[in-house]
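# Tertiary structure, described
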Amino acid sequence: MIHGFSTLHPRLGFAYFAVLLLSCMMFNHPVYLVIALVGILVLNLFLDGGRALKKGIKGYLIIAVVIFLMNPLFSSRGATILGYMFDRPITLESITYGALFALSLLNILLAFVAYNLVITPEKLLYLLTPIAPQTAFVITVTLRFVPLLTRRLKQIMTVQRALGYLHPGANKRQLMREGMETLHTLITWSLEEALQTASSMRARGYGIGKRTSAISYRMDRRDILVSWIMVVTGANIMIGGLFGVNKYQVYPRLQPLEWSPQLWLHLLCYLIFVFIPVVMNGKEELLWRTIRSKM
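Each chain has its residues counted from 1, following the order in which its sequence is written. Two thresholds apply to this predicted model, a pLDDT of at least 70 for residue-level local features and 80 or more for giving and counting side-chain atom pairs, whereas whole-chain, interface and lining totals are computed over all residues. Values shown for side chains rest on all heavy atoms present in the structure; no hydrogens or waters enter the calculation.

So, on to helix H3 (residues 51-74). Given a rise of 1.5 Å per residue, 24 residues ought to cover 34 Å, and the 36 Å separating the end C-alpha atoms of H3 matches this to within 8%. The sharpest bend along H3 reaches about 45 degrees and sits at Ile57. Every buried residue of H3 is listed here: Leu53, Gly56, Ala64, Asn71 and Pro72. Contacts are residue-level and defined by heavy atoms, with any inter-residue pair within 4.5 Å sufficient. Only DSSP runs of H or I with at least four residues qualify as helices, and only runs of E with at least two residues qualify as strands; both kinds are numbered from the N terminus onward. Against helix H2 (30-48), strand E2 (88-91) and helix H4 (92-118) lie the buried residues of H3. In this scheme, a helix's expected span is set at 1.5 Å multiplied by one less than its residue total. Across the chain, bend at a residue is computed as the angle between axes fitted to the seven residues ending at that point and the seven starting from it. Accessible area is worked out with a 1.4 Å probe on protein chains only. A residue is then buried under 20% of its type maximum, exposed over 50%, and partly exposed in between.

This is how it looks when you write it as structure tokens:
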């Protein structure tokens, strides 16, 4: 796993993904969407070799394909009619809009995969604690809840199978009864540990005074440099997006791609911003390969 971008200050990582997600939701220009897709895919590959991406990529692609196929069937907007299906016109504009919307949603889903790898629960707790400590605690517990229950359920089922329960050859009634016993054990275990955790937190005075973080993050020279790059490019991206520099019109007639100096400048800033983590991680990997070659 390459840690270049992940070792930045949590505020910078959170700000990067906030601007990236906003741009994926706001911009429907095809060039911008393709740039975001390439940058997010490369970032996921750098972070963990694409292991987290492989777990959900099939589902994400299915969602994107369904949206792409369903939009022309339910929307007949557009002036360029390509044909008819079930007595409904299929227009070029509806197909294009479905493709752009599917690509935008795919970018958002893939960006959240990278977000979970970079902004860990500890970093999220560090960011939210000064603002809303109780909300930060609830979010952290919620993010931990599902993986913890899944892990405990596997442990309980392993013990029950070792004792002869949950046998595949048993009848449905017996499997249901043993399954309910498994669920009862899981809930009892979780509630008991929750009570112990609450008692421990109360004994340690949680919530009485201002909470401090066990991990201290400090801005260094690299963080300051990256923050300036993000501020300059990110501000240009947001301001240009609000003024419609990269606006792309699909309805009622598909707009041809038109280029202007303002659009080129805006696109350059967006390209730099999206590929900030890619450049950082690529530089670190290149340095690591150089060191290994000299060993």
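Picking up where we left off.
Quick look at the confidence of the model for the chain now. Here the chain averages 84 in pLDDT, and 94% of its residues register 70 or above. pLDDT expresses, on a scale from 0 to 100, how confident the predictor is about each individual residue. Looking at the elements of the chain, mean pLDDT is at its lowest for helix H6 (residues 133-162), recorded as 77, and at its highest for helix H9 (residues 261-274), recorded as 94.

This part takes up H2. Taking 1.5 Å of rise per residue, the 19 residues of H2 would be expected to cover 27 Å, and the 28 Å separating its terminal C-alpha atoms lies within 8% of that figure. Buried within H2 are the following residues: Tyr32, Leu33, Ile35, Ala36, Leu37, Gly39, Ile40, Leu43, Asn44, Phe46, Leu47 and Asp48. Where H2 is buried, its residues contact helix H1 (10-26), H3, H4, H9 and helix H10 (276-294). Note on H2: the residue one or two positions beyond its end, Gly49, has a positive phi of about 75 degrees.

As a further point, take the packing of aromatic side chains. A pair of aromatic rings is counted whenever rings of Phe, Tyr or Trp (Trp by its six-membered ring) have centres within 6.5 Å, and the orientation is called stacked for planes under 30 degrees apart, edge-to-face for over 60 and tilted otherwise. Scanning the model with the defined rule gives 12 aromatic pairs in all. Consider the rings of Tyr16 and Phe273, whose centres lie 5.1 Å apart with planes at 20 degrees: the pair is stacked. You can see Tyr16 sitting in helix H1 and its partner Phe273 sitting in helix H9, a full 257 residues away along the chain. Here the two residues Tyr16 and Phe273 agree in accessibility, since each one is buried. Ring geometry for Phe112 versus Tyr115: centroids 6.2 Å apart, planes at 80 degrees, classification edge-to-face. With a gap of three residues between them, Phe112 and Tyr115 both fall in helix H4, about one helical turn apart. Among the aromatic side chains, those forming a connected cluster through ring pairs are Phe5, Tyr16, Phe17, Phe112, Tyr115 and Phe273. Cation placement over rings: the criterion is NZ of Lys or CZ of Arg within 6 Å of the ring centroid and within 35° of the ring normal. Directly above the aromatic system of Tyr251 lies the positively charged group of Arg77, at a separation of 4.1 Å from the ring centroid.

Our focus in this paragraph is the packing of H1 against H9. Here an axis means a line fitted to C-alpha atoms, over the contact stretch when the element is a helix, while the angle between two N-to-C directions is reported on a 0 to 180 degree scale. Relative orientation of the contacting elements H1 and H9 amounts to 135 degrees, with a least axis distance of 11 Å. As judged from the angle between their axes, H1 and H9 are oblique. By crossing handedness, the relation of H1 to H9 is classed as left-handed. Contacts between H1 and H9 involve Tyr16, Val19, Leu20 and Ser23 from the former and Tyr270, Phe273 and Val274 from the latter. For classification purposes, an angle smaller than 35 degrees is called roughly parallel, one larger than 145 roughly antiparallel, one from 65 to 115 roughly perpendicular, and anything else oblique. Whether a crossing is left-handed or right-handed is set by the direction in which the near helix is turned from the far one by less than a right angle, anticlockwise for left-handed and clockwise for right-handed.

Along the chain, Thr233 falls in helix H8 (residues 221-242). Each C-alpha atom, one on Thr233 and one on Val118, is 21 Å from the other, the two residues being 115 residues apart in sequence.

This part covers the side chain of Asn71. Counting through the fold element by element, Asn71 comes out in helix H3. Relative accessible area serves as the criterion here: at 18%, Asn71 is assigned to the buried category. A polar side-chain atom of Asn71 sits 2.6 Å from the main-chain carbonyl oxygen of Ser94. In contact with Asn71, other than residues within four places in its own chain, are Ser94, Tyr97, Gly98 and Tyr251. N or O atoms closer than or at 3.5 Å make up a polar contact, with two conditions inside protein: a donor-capable atom paired with an acceptor-capable one, and, for residues adjacent in sequence, both atoms drawn from side chains.

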